[in-house]
Amino acid sequence: MTVHVGVVGGGLAGVAAALRCADAGAAVTLWESRARLGGVAGSFRRGELDVDTGQHVVLRCCTSYLAFLDRLGVRDDVELQDRLDIPVLAPGARPARLRRSGLPAPLHLGAALARYGPMPLADRLRVLRGALALGRVDPDDPAVDARSFGDWLAAHGQRPRAVQTLWDLVGVATLNARAADASLALAATVFQLGLLTDAAAGDVGWARVPLGRLHDDAARRALVTAGVDVRTSAKVRTLTRGHDGWRIALTHAQAAHAQAGPGDPGPGGEEELVVDRIVSAVPPSVAARLLPEGALGLPAEWADRLGSSPIVDVHVVYDRRVLHHPFAAAVDSPVQWMFDRTASSGARAAHPPGAQYVAVSLSAADDLVGLPLAALRELMLPALTAVLPAAAHARVLDFFVTREPHATFRAGPGQAALRPGPVTNLPGLSVAGAWTATGWPATMEGAVRSGDAAAAAALARPVVAAGVAA
Ligand SMILES: Cc1cc2nc3c(=O)[nH]c(=O)nc-3n(C[C@H](O)[C@H](O)[C@H](O)COP(=O)(O)OP(=O)(O)OC[C@H]3O[C@@H](n4cnc5c(N)ncnc54)[C@H](O)[C@@H]3O)c2cc1C
């Protein structure tokens, strides 16, 4: 008998889970409340520009995400550096470079660190010692997760300048938290996987096309080809376990869903269905509301306690080239990471020849997310000019901001106890999402891993019941 799996949420976790289940022979329906797939890793149209909801970066160690892109047939749309190379810009200073050598890890960054201008020489030596000690930290130890990365760095001789110009340079972008606020376990995971174990692991990659082409268009094609019934603009309102299986009540929003079939209730309609198994792949706040009480075995108020952290992206179109790298990081500046999005966004067609579209990614943006557009413009344009001197002569053709107030779960101390594994206390129900217990911070890699794990859990468990209710 074919098992019918219902996947709730069409972010990367849900898409990965749906594909796994369909590839294993299950009948799969995927419900996504928005009109598009991809969740927070998507893009939208602004005039003639394709704008990512936030700049996304991938590392070579993100093996599940890269395999997922392979499965979608779009792996070549991601550029991956041959060798980790991060230009680091600072106001009024010579650009520095964090480039790996051909030596094995952790020696591959030794030469770059030895020459790393933003940090005094004495700090460079301390950083090497700190990195070796961080490589020995056990991320699975609850006591390690209870401690802050900042506290550990201070105890290991890392002075504020090193935290600011090196540890936070990498940590804020990958953890969406400053060292002082980050779990040591998650920080150790990031640095061990990305920089301390395999020399090639930290090579940086980015999409050459808008994220929607990968996570919506290609994902939808792959899902439909695999036989998945993809229902977008379909919001699941309740999930209840009955004698005949899992009962789902959903509302169809105004936009028509992708695979409307016979009996489609149409826009604004309500529908109830019963499936054998459920993979929940929604954000924590939705899971806390949607899943039956006790399903996850987490402490009360777990979603609020896990919390979330914002990311803000500032988008600037200049009338000329001001950033002479595909991307760069900045120190001693409110600017964190900058990316040249000219080719990938279609800016060449939308703006005069020579114009450049620079996206500035601002993580751990608690202080920025609430600022009005004018205040962000006043802060960011001079800051960009300070690190990109060519901007002083450039005209700003367009300036806008995207904000994700709940971009990721908060990667703070104690997070591990609030992240459930894929198997729940209820038969036929498994959970996915970058916020679940993947061991990773909130990343595309974590989302795909969680989807794969939840699909395996869903397919491994006995069937509750079968049948479809009208
Ligand atoms: C601005 C920004 C920048 C980022 N940068 C990076 C980066 O550089 N590298 C990296 O690896 N990661 C990055 N991330 C993190 C990464 O994008 C996420 O961790 C990952 O995409 C989360 O996927 P997910 O499927 O777990 O969750 P989501 O993307 O949140 O997907 C959940 C889905 O469930 C849907 N849903 C919610 N409620 C319902 C309902 N009732 N019924 C049906 N559907 C529902 C939502 O609409 C959504 O599509 C970034 C995130 C943001 C926001």
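Residues numbered from 1 in each chain as written. Predicted model: local features only at pLDDT ≥ 70, side-chain atom pairs only at ≥ 80, totals over all residues. Heavy atoms only, no water.

Caption draft 1: Layout of the nonpolar core. Residues Trp 31, Tyr 116, Leu 134, Phe 149, Trp 167 and Phe 191 are the most contacted members of the largest nonpolar core, which totals 72 residues. The element best represented in this core is helix 8 (residues 184–196), accounting for nine residues. Excluding anything up to four places from it in sequence, Leu 134 contacts Phe 149, Trp 152, Trp 167, Leu 184, Ala 188, Phe 191, Gln 192 and Leu 196. One finds Val 7, Cys 62, Ala 432 and Ala 447 within the second-largest nonpolar core, a separate group that totals 50 residues. (Core = buried A, V, L, I, M, F, W, Y, C linked by side-chain atoms within 4.5 Å. Buried < 20%, exposed > 50% of the residue type's maximum accessible area, 1.4 Å probe, protein only. Helix = DSSP H or I, 4+ residues; strand = E, 2+ residues; numbered from the N terminus. Contact = heavy atoms within 4.5 Å.)

Caption draft 2: The arrangement of the domain arrangement of the chain in detail. Domain assignment breaks the chain into domain 1 (4–42 + 212–305 + 412–460), domain 2 (85–202) and domain 3 (308–409). With 21 residues of domain 2 in contact, the opposing surface of domain 3 contributes 22 residues. Between domain 2 and domain 3 the total buried area reaches about 1600 Å² when both faces are included, carbon and sulfur atoms providing 61% of it. A per-residue breakdown of the area domain 2 buries against domain 3 is headed by Leu 89, Pro 91 and Asn 176, which together make up 40% of the total. (Domains from an automatic or database assignment. Buried area = accessible area lost by both parts, 1.4 Å probe.)

Caption draft 3: How the structure looks around the pattern of salt bridges. Inspection of every chain in the model, using the stated rule, returns 22 salt bridges. Among the salt bridges present, the one from Asp 398 reaches Arg 46, with a minimum N-O distance of 2.6 Å. Of the two residues, Asp 398 is situated in strand 19 (residues 396–409) and Arg 46 in strand 3 (residues 43–46); the sequence distance between them amounts to 352 residues. For Arg 46, a relative accessible area of 33% translates into the label partly exposed. (Salt bridge = Lys/Arg side-chain N within 4 Å of Asp/Glu carboxyl O.)

Caption draft 4: Local environment of the sheet that holds strand 15 (residues 308–318). Taken in spatial order, the seven strands of this open sheet run 8-7-16-17-18-15-19, and their pairing is mixed. If you trace the sheet from one side to the other, it starts and ends with strand 8 (96–99) and strand 19, each paired once. For this sheet, the mean angle separating the axes of adjacent strands, direction not counted, is 25 degrees. The pairing of strand 17 (residues 337–340) with strand 18 (residues 356–362) spans four bridges and is classified as antiparallel. Residue pairing across strands places Asp 340 opposite Val 358, the latter belonging to strand 18. (Pairing = 2+ DSSP bridges. Axes fitted to C-alpha atoms, helices over the stretch in contact; angles between N-to-C directions.)

Caption draft 5: Quick look at the site of the ligand. Close to the ligand lie 33 residues; Glu 32, His 56, Val 57, Ala 434 and Met 444 are nearest. The backbone of Ser 33 places a nitrogen or oxygen atom 3.1 Å from a nitrogen atom of the ligand. With respect to the ligand, the backbone of Gln 55 contributes an N or O atom lying 3.5 Å from a nitrogen atom. Of all the elements in the fold, those that place two or more residues in the shell around the ligand are helix 1 (12–23), strand 11 (234–242), strand 19 and helix 15 (444–460). Sort the elements by how many residues they give to the shell around the ligand and strand 11 lands first, with three residues. (Near = heavy atom within 4 Å. Polar contact = N/O pair within 3.5 Å; in protein donor to acceptor, adjacent residues only side chain to side chain.)

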